[in-house]
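Summary of the model geometry
Read off the chains here:
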Amino acid sequence: MGHAVLIAAELKSLLEPDQLEGLDVTWITADEPTPRGDYVAMVPLLSRWVGGTELKHLPRLKIVANCAVGHDNVDVVASELRGITVTNTPDVLTDATADLAWALILACARRVVEGTALVKSGQWTGWHPELLLGLELRGRTVGLFGAGRIGQAVGRRAAPFGMRILYTARNPRPEFEQETGAARVELSRLLAESDVLSLHAPAVPETRGIINADTLRQMKPSAILINTARGDLIREEAVAIALEEGRLGAVGLDVYLDEPAIHPRLRAAPRTVLLPHIGSATLETRRQMAAIAVANLQAVLRGDPPLTPVFR
Ligand code: NAP
């Protein structure tokens, strides 16, 4: 009999049988509540809240191996108090997510979605010198709110586009600055000077609602706002109002406060590119995320240290 573990059923086809050796797996789908029982480990998706109540109902649990780099769906403090390890899946999704942030930047800057809609509608009347004029990126400024793994990867991709890079983070990143010419600035300067503002900080109390009516007023009316981090960082209604009133150039979002629900006013607002949380959605990356989550679980069940703990 193997170790009794819970694994998100949606990961099944991304995993090989040898990765599951020694495990007695109960597969749980995202719409099922977290079961109670003597399970010793779990691999949840980011849509599953794992809080004090869930942990209380899993008294033998040793590890929550979250299948995401963000871990705002897990009560890390409650886990730590119960001696439960929490792990995430950093690094393997950095390039895929940075690529998607750039897909949103380019789609917003060059009005790709509006162009597609026009062609498909049959209303396109031919080349016109002022049709769907967009934002020239060369010489413009990209601002990164958070310059960790993904923020820096987005910044490195900005250099070949000829963009100036500003960033906000609590700790300076001298190597990143040397490599890209990026400059660390206060939030007020980041807001005022960014032509493209891209969010890459985690959802923590200090970052929740960082983009709100007040900070939006400090941004250029032509600015493009990109969020591939977490929906908690943005007040969705305030963003919708800024778009409606022409006080924001465009918005490209991959994440939302209450997924899969989106504030109706934001869904209806002009100049948006709205994606369904697909930042890390390449087959290679999703396989690696599942593999790391299960490798963390196997390590802890063997009595070895976890590979990628959230806190050491
Ligand atoms: P990371 O390497 O931990 O970087 C996070 C950055 O945020 C760091 O620069 C950190 O720098 C900064 N930060 C942390 N707390 C902050 C605060 N209170 N105020 C301002 N900055 C703060 O994480 P990552 O791997 O780049 O991932 C970034 C986020 O992207 C994750 O939290 C995740 O939720 C999200 N994500 C989304 C997708 C998707 O599918 N759309 C995919 C992957 C990741 P300092 O500590 O120096 O401040």
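Further up the page is the structure itself.
In this report, the structure presented in the accompanying data block is examined. Within any chain, residue numbers begin from 1 and follow the written order of that chain's sequence. With pLDDT at 70 or above as the cut-off, local features in this predicted model cover only qualifying residues; side-chain atom pairs require 80 or more to be listed or tallied, and sums for whole chains, interfaces and linings still use all residues. The basis for the side-chain values is all heavy atoms of the structure; hydrogens and waters are excluded.

1. Let's talk about the site of the ligand
Threshold: When at least one non-hydrogen atom of a residue lies within 4 Å of a molecule or strand, that residue is treated as near it. For this analysis, a polar contact is any N or O atom pair within 3.5 Å, provided that within protein one partner can donate a hydrogen and the other can accept it, and provided that sequence-adjacent residues contribute only side-chain to side-chain pairs. Surface exposure here means Shrake-Rupley accessible area, sampled with a 1.4 Å probe, where a residue is shielded only by the protein chains that are shown.
Taken together, 28 residues lie around the ligand, and Ala147, Gly148, Ile150, Arg170 and Asn171 are the ones closest in. In this structure, an oxygen atom belonging to the ligand sits 2.9 Å away from a main-chain N or O atom of arginine 149. The separation between an oxygen atom of the ligand and a polar side-chain atom of arginine 230 is 3.2 Å. Burial of the ligand by the protein amounts to 88% of the accessible area it has alone, namely 920 Å².

2. Side note on the pairing of strand S7 (residues 164–168)
Spelled out, the test is: For each residue, the accessible area found with a 1.4 Å probe, counting protein chains only, is set against the maximum for its type, and the residue is called buried under 20%, exposed over 50%, and partly exposed in between. Runs of H or I in DSSP of at least four residues are treated as helices and runs of E of at least two as strands, each being numbered from the N terminus. Pairing between strands requires that DSSP locate at least two bridges from one strand to the other. When the strands point away from the viewer, a crossover counts as right-handed if the path from the first strand over the helix to the second runs clockwise.
For S7, the buried fraction is high: 4 of the 5 residues fall into the buried class. Inspection of the sheet shows strand S6 (residues 141–145) paired to S7 by 5 bridges, in the parallel sense. Note on S7: the bridge partner recorded for threonine 141 is arginine 164. Running through helix H5 (residues 149–158), the crossover from S6 to the neighbouring parallel element S7 is right-handed. In terms of strand pairing, S7 meets strand S8 (residues 183–184) through 2 bridges, oriented parallel. In the strand pairing of S8, leucine 166 is matched with alanine 183. In terms of handedness, the path from S7 via helix H6 (residues 174–180) over to S8 forms a crossover that is right-handed.

3. A closer look at the environment of asparagine 66
Let me state the cut-off plainly: Contacts are assigned to residue pairs with any non-hydrogen atoms lying within 4.5 Å of each other.
Mapped onto the elements of the fold, asparagine 66 is located in the loop between strand S4 (63–65) and helix H2 (76–81). Using a relative accessible area of 0% as the deciding quantity, one classes asparagine 66 as buried. Placed 230 residues apart in sequence, asparagine 66 and asparagine 296 show a C-alpha to C-alpha distance of 9.5 Å. Aside from chain neighbours lying at most four places away, what touches asparagine 66 is Pro44, Leu45, His71, Asn73, Val74, Thr87, Asn88, Thr89 and Ala293. Polar contacts involving the side chain of asparagine 66 include one to the side chain of asparagine 73, which spans 2.9 Å.

4. Description of the packing of aromatic side chains
Threshold: Note on ring pairs: Phe, Tyr and Trp rings are taken, using the six-membered ring of Trp, and paired if centres are within 6.5 Å. Classes follow the plane angle, with under 30 degrees stacked, over 60 edge-to-face and the rest tilted.
Taken as a whole and judged by the stated rule, the model has 2 aromatic pairs. Between tryptophan 102 and phenylalanine 161 the ring centres are 4.6 Å apart and the planes differ by 5°, which places this aromatic pair in the stacked class. Of the two residues, tryptophan 102 sits in helix H3 (residues 94–109) while phenylalanine 161 sits in the loop between H5 and S7, which places them 59 residues apart along the sequence. Residues tyrosine 167 and phenylalanine 176 carry aromatic rings whose centres are separated by 5.7 Å and whose planes lie at 70° to one another, so their mutual orientation is edge-to-face.

5. A few points about H5
Across the 10 residues of H5, 7 count as buried, placing the element largely inside the fold. Taken together, the buried positions of H5 are occupied by Ile150, Gly151, Gln152, Ala153, Val154, Gly155 and Ala158. Buried residues in H5 make contact with H3, S6, S7, H6 and strand S9 (196–199).

6. Section: the sheet that holds strand S1 (residues 3–8)
Rules: Note on method: axes are straight lines fitted to C-alpha atoms, helices fitted across the in-contact stretch only, with angles between N-to-C directions ranging 0 to 180 degrees.
The strand order across the open sheet formed by 5 strands is S2-S1-S3-S4-S5, and the pairing between neighbours is parallel. At either end of the open sheet lies a strand with only one pairing partner, and these are strand S2 (23–28) and strand S5 (85–87). Averaged over all pairs of adjacent strands, the angle between their axes in this sheet comes to 15°, without regard to strand direction. In the sheet, S1 pairs with S2 via 6 bridges, with the strands oriented parallel. Across the sheet, isoleucine 7 pairs through a bridge with tryptophan 27, a residue of S2. The strands touched by helix H11 (residues 283–302) within the sheet are S1, S2, strand S3 (41–43), S4 and S5, with S4 carrying the most contacts at an inclination of about 165°.

7. A look at the side chain of threonine 308
Secondary-structure assignment places threonine 308 in the segment after H11. Take threonine 308: its relative accessible area is 17%, and that puts it in the buried class. Within the structure, the side chain of threonine 308 is placed 2.7 Å from the backbone oxygen of asparagine 88, a separation counted as a polar contact. One polar contact links threonine 308 to asparagine 296, side chain to side chain, over a distance of 2.8 Å.

8. Structural notes on the nonpolar core
Going by this rule: Take the buried Ala, Val, Leu, Ile, Met, Phe, Trp, Tyr and Cys residues and link them wherever side-chain atoms come within 4.5 Å; each set so joined is a nonpolar core.
Val5, Ile7 and Leu11 are the most contacted members of the largest nonpolar core, which has 53 residues in total. With near-sequence residues (within four places) excluded, leucine 11 lies in contact with Val43, Leu45, Cys67 and Ala290. Formed by 30 residues, the second largest nonpolar core is a distinct cluster that contains Phe145, Leu191, Met219 and Leu243.

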